[in-house]
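Chain by chain, the residues run as shown.
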Amino acid sequence: MSQSSHGSPKIPLSIWALGSVSFLMKTSAVIVFSLSPLFVTQTLGASTFVVGLIEGFLEAMTLCTRVFAGIISDLIHKRKNIIVVGYIFALISRPILGIAASLGGSTSLGGVFLGRTFDRIANGLDATPRDALVGDLAPPQIKGACYGLRESLSRAGSFAGSLLAVALLWLTQNNYSLVFWLGSIPTALALIVLLLFVKDPVSEKFQHRKTKKKLHLKDLLQLPTLFWLTLLLSGLFMLSNFSGAFLLLRAEQTGIDLHLIPLVMVVQNIATASTAYPVGYLSDKMGRRSMMLLGILCVIFSDFLLASNGSIYVILVGVLLWGVELGITQSILAIFLADACPQDLRGTGFGLFHLTNGICIIFANLLAGWLWSEISPAYMFYTSAVLAALSSLVLPFIHKQKR
């Protein structure tokens, strides 16, 4: 393993490549994500509750796929192959969305739903093996930095995708169909980088399980208490994390021009990309729990700003804090899981992690859509703040596992 001049390990090339792949995939995915809710509500006239239903169902699809991908990656010991299949699904989804956006009425809504379903299945096949692969490849001394780097590059891709969404909407005069088609280009580039530069690790822990054909209950019982506590923490916290689609809709309520609304995602992703790597690095030095608590506090302050009847500038500050919390919490929760899971069960562990998060996000999106439509947007944000505060009660029980 390569060392720096001070004797500490360097981040492996495959992790840099995974980060680059994440950058390209996020660039494409955010173009799709930031424009889909606007297309559904503005062009097709659907309600915000329909947006919540769609987002909740898609998250369910994603998380079920993540469990499947995680288990299979542990059994076949080839995480990269599963990620490749996921990117092929993503590459197919962009033309489906492009065709759907050129149609009208219920046919168009059904096509958008189909395209987004393919996109989220792709995300499910990608996320769990990718998170497990980072844990497999990361030197233990800099595991936080490795996860933070991947998250930062991913969020930088979200930033780039948001800028492209704004630019492409303006250049094409709100031609959603053409923009969705153009979103397939970074996806194709990501697949090429993945095939050329990312390698699965060679591990003795994997080698001795090569004859294993299925997962047994006793394998799950090998997962330590820290793993289950992390699932509890993450699940409670994710109940406060509604879809970013609601941030876009909140910005829309301030009356800004349609083509400027995706700037909300630019602000969020600048904050997340700038935060994830430093927080991951600091967690290696200062501990994970204090960083997670900081993220929870950011959610609470963000919700109070977003609940206000303030100007677009107040809303953007709330979005900025929301981006900071994503950079902190998504990295730290992944690091907690990587710390807790042995390598030969890491894919399964991350699969259960994503399943738990997914179920909670389904409820979070359904609740958010209902509160927004039936009571008020402000009430939705206040509820999110209360749920985030409740999750902090688990933190005192999270201790780093002794190896």
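Residues numbered from 1 in each chain as written. Predicted model: local features only at pLDDT ≥ 70, side-chain atom pairs only at ≥ 80, totals over all residues. Heavy atoms only, no water.

### Digging into a nonpolar patch on the surface
Residues I99, L103, L178, W181, L182, I185, L189, I192, L195, L196 and F197 make up a contiguous nonpolar surface patch of about 1,000 Å² in total accessible area. At the level of elements, α6 (176-182) and α7 (184-197) are the ones that each hand at least two residues to the nonpolar patch. Using a relative accessible area of 47% as the deciding quantity, one classes I99 as partly exposed. (Patch = residues over 30% accessible without salt bridge, like charges linked within 9 Å, V, L, I, M, F, W, Y side chains within 5 Å. Areas by Shrake-Rupley, 256 points an atom, 1.4 Å probe, with all protein chains shown as cover. Salt bridge = Lys/Arg side-chain N within 4 Å of Asp/Glu carboxyl O. Helix = DSSP H or I, 4+ residues; strand = E, 2+ residues; numbered from the N terminus. Buried < 20%, exposed > 50% of the residue type's maximum accessible area, 1.4 Å probe, protein only.)

### Some words on the side chain of S28
Within the secondary structure, S28 sits in helix α1 (residues 13-43). The exposure class of S28 is buried, given its relative accessible area of 0%. Among all residues touching S28, those that are not within four sequence positions of it are R94, G183, P186 and T187. (Contact = heavy atoms within 4.5 Å.)

### Describing the confidence of the model for the protein
Summarising the model, the protein shows a mean pLDDT of 80, and 85% of its residues fall at 70 or more. Put simply, helix α8 (residues 204-207) is where the protein has its lowest mean pLDDT, 48, and α7 is where it has its highest, 91. Scored below 50 in pLDDT, residues 204-211 makes 14 contacts in the model with residues more than four places away or belonging to other chains. (pLDDT = per-residue confidence, 0-100.)

### Looking at empty space enclosed by the protein
Under the criterion given, the structure shown has 3 cavities of 30 Å³ or more. Its volume calculated, the largest cavity comes out at about 1,100 Å³. Taken together, 47 residues line the largest cavity, and the ones lying closest to its centre are K26, R66, R120, N123 and R155. Secondary structure elements with two or more residues in the lining of the largest cavity: α1, α2 (48-76), α3 (79-101), α4 (105-137), α5 (143-171), α12 (263-286), α14 (312-340) and α15 (346-374). Among the elements that line the lining of the largest cavity, the one with the most residues is α4, at 9 residues. When grouped by side-chain class, the residues that make up the lining of the largest cavity number 19 nonpolar, 14 polar and 14 charged. (1 Å grid on protein atoms, 1.4 Å probe; cavity = no way out; pocket = protein on both sides within 12 Å on 5 of 7 lines; lining within 4 Å. Points joined across faces, edges and corners; volume = space filled by probe spheres on them. Nonpolar A, V, L, I, M, F, W, Y, C, P; charged D, E, K, R; others polar.)

### Considerations on the side chain of D303
With respect to the secondary-structure elements, D303 resides in helix α13 (residues 288-307). Exposure remark for D303: the relative accessible area of 0% places this residue in the buried category. Looking at D303, its side chain comes within polar contact range of the main-chain nitrogen of A385, at 3.1 Å. What D303 contacts, discounting residues up to four positions off in sequence, is F242, W322, F381, S384 and A385. (Polar contact = N/O pair within 3.5 Å; in protein donor to acceptor, adjacent residues only side chain to side chain.)

### Brief notes about the environment of T356
Here T356 lies in helix α15. On the accessibility criterion, T356 (22% relative accessible area) is partly exposed. Sequence-distant contacts of T356, defined by excluding residues within four places in its chain, comprise L231 and G235.

### Let's talk about the packing of aromatic side chains
What the rule picks out here adds up to 6 aromatic pairs. Ring geometry for Y277 versus Y281: centroids 6.4 Å apart, planes at 40°, classification tilted. With Y277 and Y281 both in helix α12, this residue pair falls 4 residues apart, about one helical turn. Grouped by ring-pair contacts, the aromatic residues Y147, F350 and F353 constitute a single cluster. (Phe/Tyr/Trp six-rings, centres within 6.5 Å; stacked < 30°, edge-to-face > 60°.)

### Looking at the environment of S302
Following the sequence through the fold, S302 ends up in helix α13. When neighbours within four sequence positions are excluded, S302 is seen to be in contact with G318, L321 and W322. A distance of 2.6 Å separates the side chain of S302 from the backbone oxygen of G318, its partner in a polar contact.

### What about helix α11 (residues 245-252)?
Most of α11 is tucked away, with 7 of its 8 residues classed as buried. Within the span of α11, buried status applies to A245, F246, L247, L248, L249, R250 and A251.

### Re α14
With 29 residues, α14 extends 42 Å from end C-alpha to end C-alpha; this agrees with the ideal 42 Å at 1.5 Å per step. Of all the 29 residues making up α14, 21 are buried; the element is thus mostly covered by neighbouring parts of the structure. (Expected span 1.5 Å × (residues − 1).)

### Digging into the pattern of salt bridges
A side chain with one charge may pair with a side chain of the opposite charge, provided their charged atoms come close. Using the criterion set out here, one finds 10 salt bridges in the structure. When the shortest N-O distance is used, the salt bridge between D136 and R79 registers 2.6 Å. One end of the pair, D136, is in helix α4; the other, R79, is in helix α3, with 57 residues separating them in the sequence. Residue D136 is classed as buried on the basis of its relative accessible area of 12%. A residue is classified by how much of its surface remains accessible, and R79, at 1% relative accessible area, is buried. In this structure, the salt-bridge partner of R94 is D119, at a minimum N-O distance of 2.5 Å. Taken together, the residues R94 in helix α3 and D119 in helix α4 connect sequence positions 25 residues apart. Here R94 falls in the buried class, since its relative accessible area comes to 0%.

### Some points on the packing of α15 against helix α16 (residues 377-391)
As a packed pair, α15 and α16 sit with axes 6 Å apart at the nearest point and diverge in direction by 145°. Crossing geometry of α15 relative to α16 is assigned as right-handed. For the pair α15 and α16, the contacting residues are L367, A368, L371 and W372 in the first and P377, Y379, M380, F381 and T383 in the second. Among the residues forming the contact of α15 with α16, the class breakdown is 8 nonpolar, 1 polar and no charged. (Axes fitted to C-alpha atoms, helices over the stretch in contact; angles between N-to-C directions. Left-handed = near helix turned anticlockwise from the far one by under 90°.)

### A short note on the environment of S290
Summarising the element assignment, S290 is placed in helix α13. Taking C-alpha positions, S290 is 10.0 Å from I332, a pair spaced 42 residues apart along the chain.

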